[in-house]
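# Observations on the three-dimensional arrangement
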Amino acid sequence: MLSRLAVRNAKRSARDYLIYLVTVTFSLSMVYAFNLIVFSSEIRNLSYGMSAMTGIIIFISLIIVLVIGWLICYMTRFILEKRSREFGTYLLLGIPNRDVASLFVRENLLMGAAALMISLLVGSFLYQILDMIIMRIFQASYQIQFQFSAKALALTAGYGAAIYLFAMARVRRQLSKIKICDLLYMEKKNEASALKTGKGHWTLFLAAVAACAAGGGILWYLCHHSEEVHNGGVLLLLSVVLLIGSIYGIYMTVTSFLSKTVLAGNSFKYKKHRLFLLRNMTARMRTMGVTIGTLALLLTLTLTATSMGLLFERFFSEKRESTMSFDITASTARPSEDLSPVSAYAEEKLGIQSQLAYPLYDGGNKTLTDWFRKQDSPVGWMEFAPVLAYSDYKELRQMLGYRETELKEGRYLIQCTPRIREIAEQEKIPDIRFGGETLTFQESRSEPFGVGDGFNGTGYVVIVPDNIAAKLPVYHMSLAVQTEKETTPEDAVNLVNLLYETYSYEGIDTCNTKGSIRDTYLSVFTILAFSLYYVGLIFVCAAAAVLAVHQLSEAVKYQFRYEILSKLGVGNREGKKLVFQQQLLFFGVPLMIPVPLSIFLSRQLSYWMLMNEISDKTFLHSQGISLGLFGLVYLIYFVTSWRACSRLAFS
């Protein structure tokens, strides 16, 4: 009998909490799809760097599992509260506590098993999409084929079983000891407020705001003055603790702050339906402060992760373009040594279209480097301006197929990264003195030229007339080769080994191939960006699902409020508009802190982790896309919740 009742109740619960079950199913589908990627030999063989994806994705999946586990535990407890009178009735009819507990556990395990089975099918489909995207990133051939991995299946099933068994063990223990009276009145109880008294809440709110400002200030200082900080790990931890604590503190005390300020004036709260809306919102904020704080934290991580994923994509794209210029590049710190072994290898294995051996000169002053650093430009480690003779520059541009650039008398050019060029175009670059002559800035160019990895400078190289360059000391000899065949990462390994056999380790500055640079950057980008998108998508779905399910249950629980409004003359159209405003308020409040905080965090992290090579325009573009993608998912949950609540309140 209990088995049949469990099946019936599971079907009913699945219908009532469809949004929650769809979210769990989709989350497990993503976990399974990424596990398939982890154990796919086809993807691992794309590049040497892709082997690191296994450990990173498994670590990210563990974080995802914790969030899914929190979602299931919260929703299980939430469902238990909504069905408490039903279970209390079972106890009144003489059914033992352990049987009621077993009934509820069976229902949830049945729903969990169904979600897991569906997620395996959906996950296989999602894997095909992810596989296609990765293959296109690496420009590899792609074929649709069924992918099965016993390891991926076992890992996903293990995650799901661990989550549900842990959640059900807690519920079973609670139901086994609960009293009938507690069950019958559980639905009437709200979530307990973490702060028992209203005294001092206004002060605590201001303290939380101050903690948020302090945490942000510490993070800003750490990101902008990392070279001056000796205990960066401690400061970073302190910043994280302050920011997390401030999020919870603000949402737990904002109701008292609003009551003392905005809601204190009768002229504001008694207009139209504001009293109804604000009373509902403040009541929920008072009892759901911890929950909404947790959701705000998830949303902050979601927006930051999505934004950083887009910034990483742009950073590695620009870095790859600025570095990946010539097919083979090599340089030595000993001008007396030649790089003929590189040319010989290229001629034998790949064929040579064109090549040039040339010197790079030490500009002998820090004027330009210091100026760029004052503008927060990423100019690398060099304490002098690297200089290239104009004749060599012309030939190198011809090798790369770029249009010819004329250098005027008494002027100098800068070949640099896009970020440095953006700064150079905004500010007046100073004159510089080389070889006893003063030169004036003419223009900057930002085509891929090997200025991003130390081959032709670390961020920029100065182009001067040949007669001036000849007066400067040589700091390394370079060789650029354009080959007939495409280079590979194996060619880079072979060339490095060849040079180390010929010269000592200290004699080699750089040695790389376009194929190796391409695979390295694509691998790092794929791992980081996909991991961040993975985190962001799951987190926003989990947070939005909690909000939507809570709203649906509240609409059923407090339907009498809308009946009273109808009796007071509120029509269906006006009532649905009121529900829309209520939904907008409830979904909007958790975004008040995450949106500005995530923008701030993304900017600071991009400055720190991406060496300030992201332009303001690129950053704003990535923020727009990030908010757009996030808003699309959030909007789907919002519209679904609003339409369902409108039908329940004003059918």
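Worth saying up front: this structure is predicted, and the values here are computed from it rather than measured.

### Brief notes about the side chain of T253
Among the secondary structure elements, T253 is positioned in helix α10 (residues 232-260). Taking relative accessible area as the criterion, T253 reaches 2% and is therefore assigned buried. Among the polar contacts made by the side chain of T253, one reaches the main-chain carbonyl oxygen of G249 at a distance of 2.6 Å.

### Some points on the layout of surface pockets
Rolled over the atoms, a probe as big as a water molecule pinpoints where empty space is left. Of the volumes computed, that of the largest pocket is approximately 1400 Å³. What lines the largest pocket is a set of 47 residues, among which V22, T23, C541, V633 and Y637 lie closest to the centre. The greatest single-element share of the lining of the largest pocket, amounting to 13 residues, is contributed by helix α20 (residues 514-557). Tallied by class, the residues present in the lining of the largest pocket amount to 30 nonpolar, eight polar and nine charged. Space inside the second largest pocket adds up to approximately 830 Å³. Among the secondary structure elements, those contributing two or more residues to the lining of the second largest pocket are α4 (53-82), α10, α13 (289-323), α20 and α23 (594-609).

### Topic: helix α2 (residues 18-38)
Given a rise of 1.5 Å per residue, 21 residues ought to cover 30 Å, and the 30 Å separating the end C-alpha atoms of α2 matches this to within 8%. Most of α2 sits out of view: 18 of its 21 residues are buried.

### A word on the nonpolar core
Ranked by size, the top nonpolar core spans 131 residues in total, and within it Y20, I64, Y634 and Y637 carry the most contacts. If one sorts the elements of this core by residue count, α20 sits on top with 23 residues. Once you skip the residues sitting within four places of it in the chain, Y637 turns out to touch I19, T23, C541, A544, A545, A548 and F587. The next biggest cluster of nonpolar side chains, apart from the first, holds 24 residues, and it includes L368, V387, F434 and V462.

### Things to note about the packing of helix α6 (residues 97-137) against helix α7 (residues 150-177)
At a minimum axis separation of 9 Å, α6 and α7 run at an interaxial angle of 160°. What the angle tells us is that α6 and α7 run roughly antiparallel. Handedness of the α6/α7 crossing: right-handed. Contact residues: α6 offers N97, R98, V100, A101, S102, F104, V105, N108, L109, G112, L116 and L120, while α7 offers L153, T156, A157, Y164, M168, V171, R172, L175, S176 and K177. Of the residues that constitute the contact of α6 with α7, the class distribution is 13 nonpolar, six polar and three charged.

### Thoughts on the pattern of salt bridges
For the structure shown, the criterion picks out nine salt bridges. R83 serves as the salt-bridge partner of E107, at 2.5 Å between the closest nitrogen and oxygen. One end of the pair, E107, is in helix α6; the other, R83, is in the loop between α4 and α5 (84-92), with 24 residues separating them in the sequence. Each member of the pair, E107 as well as R83, is classed as buried. For D519, the salt bridge goes to R518, with nearest N and O atoms at 2.9 Å. The partly exposed category is assigned to R518, whose relative accessible area is 22%. Each of R397, E443, R445 and E447 takes part in one network of salt bridges that share partners.

### As for the sheet that holds strand β7 (residues 460-464)
In spatial order, the strands read β5-β6-β4-β7-β3-β2-β8-β1-β9; together these nine strands make up an open sheet with mixed pairing. Either end of the sheet is taken by a strand with one partner, and the two such strands are β5 (432-434) and β9 (508-513). Direction aside, neighbouring strands of the sheet carry axes that sit 35° apart on average. Direction of pairing for strand β1 (residues 328-332) relative to strand β8 (residues 474-483): antiparallel, over a ladder of five bridges. Looking across to β8, one finds that T332 is bridged to M477. Against the sheet, helix α16 (residues 390-400) touches β2 (352-362), β3 (386-389), β4 (411-416), β6 (437-445), β7 and β8, its axis set at about 150° to β2.

### Here we look at the pairing of β1
Burial analysis of β1 places five of its five residues in the buried class, which makes it a mostly covered element. Neither face of β1 is open: one carries I328, A330 and T332, the other T329 and S331, and all of them are buried. Here β1 pairs with β9 via five bridges, running antiparallel. Note that in β9 the partner of A330 across the bridge is C511.

### Quick look at the packing of aromatic side chains
For the coordinates displayed, the defined rule picks out 16 aromatic pairs. Ring centres of Y393 and F449 lie 5.4 Å apart, and the angle between their planes is 65°; on these two criteria the pair is classed as edge-to-face. One end of the pair, Y393, is in helix α16; the other, F449, is in the loop between β6 and β7, with 56 residues separating them in the sequence. For the pair shown, Y393 and F449 are each scored as buried. Pairing F587 with F638 gives two aromatic rings, centres 5.5 Å apart and planes at 85°, and the pair type is edge-to-face. With F587 in helix α22 (residues 572-588) and F638 in helix α24 (residues 616-649), this pair connects stretches of sequence that are 51 residues apart. Accessibility classification places F587 together with F638 in one group, the buried group. The structure contains a cluster of three or more aromatic residues connected by ring pairs, namely F580, F587, F630, Y634, F638 and W642.

Analysis parameters
All residue numbers refer to positions counted from 1 along the written sequence of the respective chain. The model is predicted, so local features are restricted to residues of pLDDT at least 70 and side-chain atom pairs to those at 80 or more, both for listing and for counting; the totals for chains, interfaces and linings are taken over all residues. As a rule here, side-chain values come from all non-hydrogen atoms in the structure, and water together with hydrogens is ignored. Helix numbering and strand numbering both begin at the N terminus, where a helix is a DSSP run of H or I of at least 4 residues and a strand a DSSP run of E of at least 2. Buried means the residue's accessible area, taken with a 1.4 Å probe over protein chains only, is under 20% of the maximum for its type, while exposed means over 50%, and partly exposed covers the values in between. Think of a polar contact as two N or O atoms within 3.5 Å of one another; within protein, one of them needs to be a possible hydrogen donor and the other a possible acceptor, and neighboring residues in sequence only count if both atoms come from side chains. Both site types are read off a 1 Å grid over the protein atoms alone. A 1.4 Å probe that fits but cannot get out defines a cavity, while an open set with protein on both sides within 12 Å along at least five of seven lines defines a pocket; lining residues have an atom within 4 Å of a point. Grid points are joined across faces, edges and corners, and a volume is the space filled by probe spheres set on the points. Only Asp, Glu, Lys and Arg are considered charged, only Ala, Val, Leu, Ile, Met, Phe, Trp, Tyr, Cys and Pro nonpolar, and every remaining residue, Gly among them, polar. The span you would expect from a helix comes to 1.5 Å times its residue count less one. Residue types Ala, Val, Leu, Ile, Met, Phe, Trp, Tyr and Cys, when buried and joined through side-chain atoms within 4.5 Å, form a set referred to as a nonpolar core. Contacts were defined at the residue level, with two residues in contact if any of their heavy atoms lie within 4.5 Å. Between N-to-C directions, angles span 0 to 180 degrees; the directions come from axes that are lines fitted to C-alpha atoms, helices contributing only their stretch in contact. Comment on the angle field: the value is read as roughly parallel under 35 degrees, roughly antiparallel over 145, roughly perpendicular from 65 to 115, and oblique elsewhere. It is the rotation of the near helix from the far one that decides the hand of a crossing: anticlockwise by less than a right angle makes it left-handed, clockwise makes it right-handed. When a carboxyl oxygen of Asp or Glu is within 4 Å of a side-chain nitrogen of Lys or Arg, the pair counts as a salt bridge. Only when DSSP finds a minimum of two bridges between them are two strands counted as paired. Only Phe, Tyr and Trp rings are paired, with Trp represented by its six-membered ring, and only when their centres lie within 6.5 Å; those with planes under 30 degrees apart are stacked, over 60 edge-to-face, the remainder tilted.

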